[in-house]
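Close look at the chain arrangement
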Amino acid sequence: MTIQTSLASTALGRRGFLVSGTAVAGGFSLGFTFPHAPAQAAEAKEINAWVVIKPDDTVVIRIARSEMGQGTLTGLAQLVAEELECDWSKVTTEYPTPGENIRRNRVWKNFSTGGSRGIRESQQYVREGGAIAREMLVAAAAAEWKVPAAECSAANSVVKHSSGKTMTYGQLAAAAARLEPPKEVKLKDPKDWKVAGQPLKRLDTLPKLTGEMIYGIDVRLPNMLTAAVKASPVIGGKLKSFDAARVEKMPGVKTVVAVDGNAVAVIADTYWNAKLALDKLPVEWDFGKLAEVQQDDITAMLKDGLGASEAFVGNKAGDAKAAIDGAAKKVEATYSFPWQHHVTMEPMNATVLYTPDKCEVWCGTQNGEAALAAAAEAAGLPVAKCEVYKQMLGTGFGRRGRADYVRQAVLIAKQMPGVPVKMVWSREEDMTHGQYHPTTMCKLTGGLDKDGNLVGLHVRISGQSILAALLPQNLQNGMDPVQFQGFAASGPEAAYGYNVPNLLVDHAMRNPHVTPGFWRGVNTNQNAVYMECFMDELAEAAGQDPLAFRMKMLKPKYAAVLKAACDKAGYGKPLPAGHFHGIAQIMGYGSYVAGVSEVSVSPDGVLKVHKITAATDCGHVVNPAQIERQVAGSFVYGLSAAFYGEITIKDGAVEQTNFDSYNVMRIDEMPKVETVLVPSGGFWGGVGEPTIAVAAPSVLNAIYKATGKRVRELPLMHQELKKGA
Amino acid sequence: MAVLNVNGKSVQANADPRTPLLWVLRDTLGMTGTKYGCGIAQCGSCTVHIDGVAARSCQVPLSAVSSGKKVVTIEGLAQNGKLNKIQEAWLANDVPQCGYCQSGMIMAATALLAAKPNPTDADIDAAMTNICRCGTYQQVREAIHAAAKA
Ligand code: FES
Ligand code: FES
């Protein structure tokens, strides 16, 4: 295949003065051109906010959510294209900018890309956008032919009259754009889908194979300088002083600036020169009492919460304590889960051009509007005078939903008005200034009757709340509802799957100084470890098989998806010698998921995960090929964390600094992942996150079968799995 | 001013000879296809070919390549608008997710196939030590096998 060497519309905003950029109409940034690059500056017509059509029949679909690898650009485009009845081979996409969204009364609604919400929360209005545009194109043709619209039909970017006359979308676009949009449109039944529901290839692959894709870190503007930054190594510490004179004469260095009272930045001609000077810069910090905080203090804080009398109740049925007290058998276990780092593949960065009248930001962000708000605040300018041009993200995982790095970049660039400054965090800066997966502990107590039925269960979570740190306005009378993901009493998001007559799930909030964050999968990750590993402990105490024990209590959709995974994996059937199956299930982000891990542990303790079979019921499947990739990727993410993921605190600071002290999974540890899709229809679930939660517990449950050892603390790298150890 | 050979062309780079090739490529020469991920030889995002051998450019000082060594980057793999075998297989297998690690993956896989036209799974495990946080490993493995057969 040949490549288009010039990505004509890979412009980085209206200024379009980038490497290969050309100016694009106001307010739109990145436009992927594969497979059909608009070679000429075609006269594009906006039919509505979602659909732009060019005379050459190219269809540009506008996508508000950010692409970070999850395939949302392709999936959302499929939904629009399905209703639009356009030729998929002529589809390209572009981002509207957050500023344009505000100027147009938020016509594209939510830009925030997290919580696996891209498709499930916008499917209705993006499909309507496609359908409305189609109706307008049909109406334009009918008017042109002076026939009733009912005699016309649309397919493959062509409107056809019953007489056989045809016109292409490109020919109709200008007239259609002038029409009033219909008030109501009827959406297709998913069973009639032709484009959506298909395992289509991603739209944005080619430039990722040739080095042409522009990520935030690749942005280059004329006369741009680069900033290397160092914030207080102790989270919450303050900048006291620095000795700029010691580095100002170093090659390429332009200036050294204080940032936000807690960081210092060297601005130089290149990143390397900035970094060399920053490494040499003498800095004094004021850490205060925070410098005395040690990991043991945090463990003690969490342990205290396990037995605390005060706790927020997240789910309650019957009287769990009485049922447990009266049970024939009582089972108890305590689990813990460490801080983990997102480790986005591309470290945090943002490029800013600030003048006293305008502030423009080029960055990868999962939340364009939050980035815009942060830029405006840091710049001290009204939002209308600021703009954010979203770039491709070298992963996000929730980290890029925050705008701390945007704020920092603006505060740096503000000190060099009129000069574009790209701020790049070193991996070390990134690792030590994350927004970490919160740390919690959990004590579970279960009561079994004489027949081995679970009659009472108390789940006490102790530890850190994300909302309390980041979104305190979303707490409900002090309670963090997100803490109970997977344990919720009801709701479409993350409801508990077991029927337990007497249940109490509560949370003793304990908040250390380390900033927590939304980390792909968020609280389903540890909550699934707690519940699903303890389920195996209960099953054993009841003398029952873990699958049969669960099946007695699981609600129908949960049971169906677990059964689908087990059937596919051959659960209960003979395995190769020394191989064992472990299972886990959860509902998260609106989807039901289950996993069966096949593992072995050698006599000297070497763990190998051979295969994982995973089932997903996400209601409607928009692109099965991309779901498979999300599921396989979820196991890499979840197992990386289970094997190695751990951030620890020493003297108030994060101890891990780079991949040598914070390992992640490579290809040699990758199990074979088999994905089973069992969509039951009638709802829309997310797929980017839920599966992560079943990775660790299914493996831990298999490890127990292989070794007889219950692992209740992660990461696994600290566990001795050797026989007899 | 150092002179180096990148993607078959002789180019001049005004940088300190100790500057890592990664940053010379990205900042001095404006070739941003080669990515920064760790700076300490761990992740492989910065992989290029030096005289046909995969190397982590964050660990190679400019001085080590300014003596006529042939540097090939991701931008130089396609010839006359035609993707190489690995790139083709990557496209056919829809490998990249976010794509950030993929320049390095493709450079490492291309070097692997040049050295071992028919790699086993163990060969792939040994040669492909690049980190992919999106978790494309399964597709990477399939695409390497597909490219070997192509
Ligand atoms: S940046 Fe060179 S190996 Fe990671
Ligand atoms: S494709 Fe995203 S890190 Fe590999």
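Residues numbered from 1 in each chain as written. Chains lettered and ligands numbered in written order. Predicted model: local features only at pLDDT ≥ 70, side-chain atom pairs only at ≥ 80, totals over all residues. Heavy atoms only, no water.

1. Quick word on the overall build of chain A
Which entries qualify depends on this criterion: Going along the chain from the N terminus, every DSSP run of H or I of four or more residues is numbered as a helix, and every run of E of two or more is numbered as a strand. We compute the radius of gyration from the C-alpha atoms alone; for a globule the expected value is 2.2 Å times N to the 0.38, where N is the number of residues. Using a 1.4 Å probe on the protein chains alone, a residue whose accessible area is under 20% of its type maximum counts as buried, one over 50% counts as exposed, and one in between counts as partly exposed. Any two residues whose heavy atoms approach within 4.5 Å are treated as being in contact.
If you tally the helices and strands in chain A, you get 17 helices and 28 strands. Radius of gyration (C-alpha) of chain A: 27 Å, near the 27 Å computed for a compact globule of 725 residues. With respect to the principal axes defined by its C-alpha atoms, chain A has extents near 80 × 75 × 50 Å. Evaluated residue by residue, chain A yields a buried proportion of 63% over its 725 residues. Considering only intrachain contacts with a sequence separation of at least 6, the fraction spanning at least 24 residues in chain A is 76%.

2. Points about the interface of chain A and chain B
Spelled out, the test is: We define buried area as the total accessible area lost by two parts upon association, computed with a 1.4 Å probe and summed across both. Salt bridges are defined as contacts in which a side-chain nitrogen from Lys or Arg sits within 4 Å of a carboxyl oxygen from Asp or Glu.
At the junction of the two partners, chain A supplies 58 residues and chain B supplies 53 residues. Between chain A and chain B, roughly 4,700 Å² of surface is buried when both sides are summed, and carbon and sulfur atoms account for 58% of that area. If you sort the residues of chain A by the area they bury against chain B, L209, M345 and I667 of chain A come out on top, with a joint share of 18%. Linking chain A with chain B are 2 salt bridges.

3. Description of the packing of aromatic side chains
Residue and element names in this part refer to chain A. Rule in force here: The rule is short: rings of Phe, Tyr and Trp, with Trp giving its six-membered ring, pair when the centres are within 6.5 Å, and they are stacked under 30 degrees, edge-to-face over 60, tilted in between. To sit over a ring, a charge needs its Lys NZ or Arg CZ within 6 Å of the ring centre and within 35 degrees of the ring normal.
Applying the stated rule across the entire model yields 15 aromatic pairs over all chains. Seen in terms of ring centroids, Y558 and Y592 are 4.9 Å apart; in terms of plane orientation they differ by 85°. Their pairing is edge-to-face. Separated by 34 residues along the polypeptide, Y558 in helix 15 (residues 556-569) and Y592 in strand 24 (residues 591-601) bring together distant segments of the chain. Here Y558 matches Y592 in class, with each residue buried. Here the aromatic rings of Y592 and F683 are separated by 5.7 Å at their centres, their planes lie at 90°, and the arrangement is edge-to-face. With Y592 in strand 24 and F683 in the loop between strand 28 (672-677) and helix 17 (692-707), this residue pair connects regions lying 91 residues apart in the sequence. Assessed through its relative accessible area of 12%, Y592 is described here as buried. F683 gets classed as buried once you look at its relative accessible area, which sits at 18%. The positively charged end of R520 is found above the aromatic ring belonging to Y637, 5.4 Å away from the centroid. It is R712 that lies over the ring of Y335; its NZ or CZ is 6.0 Å from the centre.

4. A short note on the side chain of R133 of chain B
To keep things clear, this is the line we draw: We score Asp and Glu as negative and Lys and Arg as positive, and we do not count His or the chain ends. What qualifies as a polar contact is a pair of N or O atoms within 3.5 Å, subject to a donor-acceptor requirement within protein and to the restriction that residues adjacent in sequence count only when both atoms come from side chains.
Turning to its location among the elements, R133 of chain B is positioned in the loop between helix 4 (121-127) and helix 5 (137-149). It turns out R133 of chain B is buried and unbridged, and the closest side chain with the opposite charge, D430 of chain A, is 9.2 Å from it. In terms of polar contacts, R133 of chain B uses its side chain to reach the backbone carbonyl oxygen of V343 of chain A, at 2.9 Å. Residue contacts for R133 of chain B: discarding those within four places in its chain leaves H341, H342, V343, M345, T395, F397, Y637, S640 and V664 of chain A.

5. Topic: the sheet that holds strand 20 (residues 440-448) of chain A
All names here are of chain A. Threshold: By this definition, two strands are paired if DSSP reports at least two bridges between them. Here an angle of 0 to 180 degrees is reported between the N-to-C directions of two axes, which are lines fitted to C-alpha atoms, with helices fitted over the stretch in contact.
Here 5 strands make up an open sheet; going across it, the order is 14-22-21-20-15 and the pairing mixed. The sheet terminates laterally at strand 14 (312-317) and strand 15 (329-337), the two strands that pair on one side only. Averaged over all adjacent pairs, the angle separating strand axes in this sheet is 10°, with direction ignored. Across the sheet, helix 13 (residues 524-541) is in contact with strand 15, strand 20 and strand 21 (454-463); its angle to strand 15 comes to roughly 150°.

6. Things to note about the packing of helix 3 (residues 102-115) of chain B against helix 5 of chain B
Residue and element names in this part refer to chain B. Put simply, the rule reads: In this scheme the crossing of two helices becomes right-handed for a clockwise turn of the near helix relative to the far one and left-handed for an anticlockwise turn of less than a right angle.
Two numbers describe how helix 3 lies on helix 5: the axes approach to 11 Å, and their chain directions differ by 35°. As helix 3 packs across helix 5, the resulting crossing turns out to be right-handed. Facing M105, A109, L112 and L113 of helix 3, the residues of helix 5 in contact are Y137, V140, I144, A147 and A148.

7. Side note on helix 4 (residues 169-177) of chain A
To be explicit about the condition: By arc we mean the arc of the directions from the helix axis to the C-beta atoms, nothing more.
By the burial criterion, the buried members of helix 4 of chain A are Y169, G170, L172, A173 and A176 of chain A. Take helix 4 of chain A and look down its axis: the buried residues cluster within an arc of 150°, on one side only.

8. A few points about the domain arrangement of chain B
Residue and element names in this part refer to chain B. Filter applied, for reference: Marked domain ranges trace back to an automatic or database domain assignment. Any residue that is not Ala, Val, Leu, Ile, Met, Phe, Trp, Tyr, Cys, Pro, Asp, Glu, Lys or Arg is counted as polar, Gly included; the first ten are nonpolar and the last four charged.
When the domains of chain B are assigned, the result is domain 1 (2-76) and domain 2 (85-149). Taken over C-alpha atoms, the centre of domain 1 sits 21 Å from the centre of domain 2. Contacts between the two partners involve 16 residues from domain 1, matched on the other side by 13 residues from domain 2. Both faces combined, the contact of domain 1 with domain 2 buries some 1,100 Å², and carbon together with sulfur accounts for 58% of it. Counting the contacts that link domain 1 with domain 2 gives 0 salt bridges. Inspection of the domain 1/domain 2 interface yields 6 residue pairs in polar contact (both at pLDDT 80 or more). Mapped onto the side of domain 1 that touches domain 2, the elements with two or more residues apiece are strand 3 (47-50) and strand 4 (53-56). Looking at the side of domain 1 that touches domain 2, the element that brings in the most residues is strand 3, giving 3 residues. Grouping the constituent residues of the side of domain 1 that touches domain 2 by class yields 6 nonpolar, 8 polar and 2 charged.

9. Overview of the state of the cysteines
Residue and element names in this part refer to chain A. Note the threshold: Sulfur atoms of two cysteines make up a disulfide when they are within 2.5 Å.
Under the defined criterion, the tally for this structure stands at 0 disulfides over all chains. In this structure C618 is a free cysteine whose sulfur lies 19 Å from that of C566, the closest cysteine sulfur available. Given the relative accessible area of 1%, C618 is considered buried.

10. Things to note about the confidence of the model for chain A
Operational definition: By definition, pLDDT measures how confident the predictor is in each residue, and it falls between 0 and 100.
Taken over all residues, the pLDDT of chain A has a mean of 92, while the share at 70 or more is 94%. Taken as a whole, residues 1-41 of chain A scores under 50 in pLDDT and shows 118 contacts with residues more than four places along the chain or in a different chain.

11. Focus: the sheet that holds strand 11 (residues 253-259) of chain A
All names here are of chain A. Taken in spatial order, the 7 strands line up as 11-12-9-19-16-17-18 in an open sheet, and their pairing is mixed. Edge positions in the open sheet fall to strand 11 and strand 18 (386-390), since each of these has one partner strand only. Strand-to-strand, the axes of this sheet are offset by a mean angle of 20°, without reference to chain direction. Of the strand pairs in this sheet, strand 9 (residues 225-231) and strand 19 (residues 421-424) are connected by 4 bridges, and their pairing is parallel. From the neighbouring strand, A228 faces strand 19, where its bridge partner is V424. Most of the contacts of helix 6 (residues 271-280) go to strand 9, to which it runs at about 30°, and overall it touches strand 9, strand 11, strand 12 (263-268) and strand 19. On the sheet, helix 9 (residues 368-379) packs against strand 16 (349-355), strand 17 (358-363) and strand 18 and is oriented at approximately 140° with respect to strand 18.

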